[in-house]
Amino acid sequence: QVQLVESGGGLVQAGGSLRLSCAASGRTFSRYAMGWFRQAPGKEREFVAGITWSGGSTSYADSVKGRFTISRDNGVNTVFLQMNSLKPEDTAVYYCAASRFWDKVRYSSDAYHYWGQGTQVTVSS
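Residues numbered from 1 in each chain as written. Predicted model: local features only at pLDDT ≥ 70, side-chain atom pairs only at ≥ 80, totals over all residues. Heavy atoms only, no water.

Draft legend 1. Quick look at the overall build of the protein chain. Broken down by element type, the protein chain carries zero helices and eleven strands. The secondary structure elements of the protein chain, listed N-terminal to C-terminal, are β-β-β-β-β-β-β-β-β-β-β. Here the protein chain has a C-alpha radius of gyration of 13 Å; the compact-globule value for 125 residues is 14 Å, and the two agree. Across its three principal directions, the C-alpha atoms of the protein chain cover 40 × 25 × 25 Å. Here the protein chain holds 125 residues, and 46% of them are scored as buried. (Helix = DSSP H or I, 4+ residues; strand = E, 2+ residues; numbered from the N terminus. Rg over C-alpha atoms; globule rule 2.2 N^0.38 Å. Buried < 20%, exposed > 50% of the residue type's maximum accessible area, 1.4 Å probe, protein only.)

Given below as structure tokens:
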């Protein structure tokens, strides 16, 4: 069992930056691949970024590539999402998730077994 708690969301102007954190409970954090998803009002949840158990492989949605960076620190059971050059269309609730498929980034939410409660990110124009 893994419990995930996101933090770092908030209101920011377009062009600004935010850093999201996701703290995981449990001693087996390093056995999970991690992902960030987001869901805007009236839209389906979508993949944003993912990272394998070691951090050796990452993947991004085309819409955030070059602006967002996912990283993890297994020593403190935390995964991060650095978001730069934010746009109004990045406004959404952001969720972190853990997948038992530790060796490869998965893009489907069905591949993730544990979810956080979400943190709101609002980008004003």
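That was the structure; now back to the text.
Draft legend 2. The arrangement of the environment of Val121 in detail. With respect to the secondary-structure elements, Val121 resides in strand β11 (residues 119-124). A residue is classified by how much of its surface remains accessible, and Val121, at 0% relative accessible area, is buried. Along the chain, Val121 and Ala92 lie 29 residues apart, while their C-alpha atoms are 5.5 Å from each other. Every residue in contact with Val121, bar those within four places of it in the chain, is listed here: Gly9, Gly10, Leu18, Leu20, Met83, Asp90, Thr91, Ala92 and Tyr94. (Contact = heavy atoms within 4.5 Å.)

Draft legend 3. Structural detail: the packing of aromatic side chains. Applying the stated criterion across every chain yields a total of seven aromatic pairs. Measuring from centroid to centroid gives 4.8 Å for Phe47 and Tyr107, while their planes differ by 70°, and the two rings are edge-to-face. Taken as a pair, Phe47 in strand β5 (residues 46-51) and Tyr107 in the loop between β9 (92-99) and β10 (114-115) lie far apart in primary sequence, 60 residues in all. Assessed through its relative accessible area of 10%, Phe47 is described here as buried. Among the aromatic residues, ring-to-ring pairing joins Phe37, Phe47, Tyr107, Tyr112 and Trp115 into one connected group. A cation sits over an aromatic face here: Arg45 above Trp115, 4.7 Å from the ring centre. Here Arg72 stacks its cationic end above the ring of Phe29, 4.5 Å away from the centre of that ring. (Phe/Tyr/Trp six-rings, centres within 6.5 Å; stacked < 30°, edge-to-face > 60°. Lys NZ or Arg CZ within 6 Å of the ring centre and 35° of its normal.)

Draft legend 4. A look at the nonpolar core. Counting residues in hydrophobic clusters, the biggest one holds 30 residues, and the most contacted among them are Leu4, Met34, Trp36, Leu81, Met83 and Tyr94. Within the residue set of this core, elements represented by two or more residues are β3 (18-24), β4 (33-39), β5, β7 (68-73), β8 (78-83), β9 and β11. Beyond its immediate sequence surroundings of up to four residues, Met34 is in contact with Leu4, Cys22, Phe29, Ala49, Gly50, Ile51, Ile70, Arg72, Val79, Ala97, Ala98 and Tyr112. Membership of the second largest hydrophobic core comes to six residues, among which are Phe37, Ala97, Ala111 and Tyr112. (Core = buried A, V, L, I, M, F, W, Y, C linked by side-chain atoms within 4.5 Å.)

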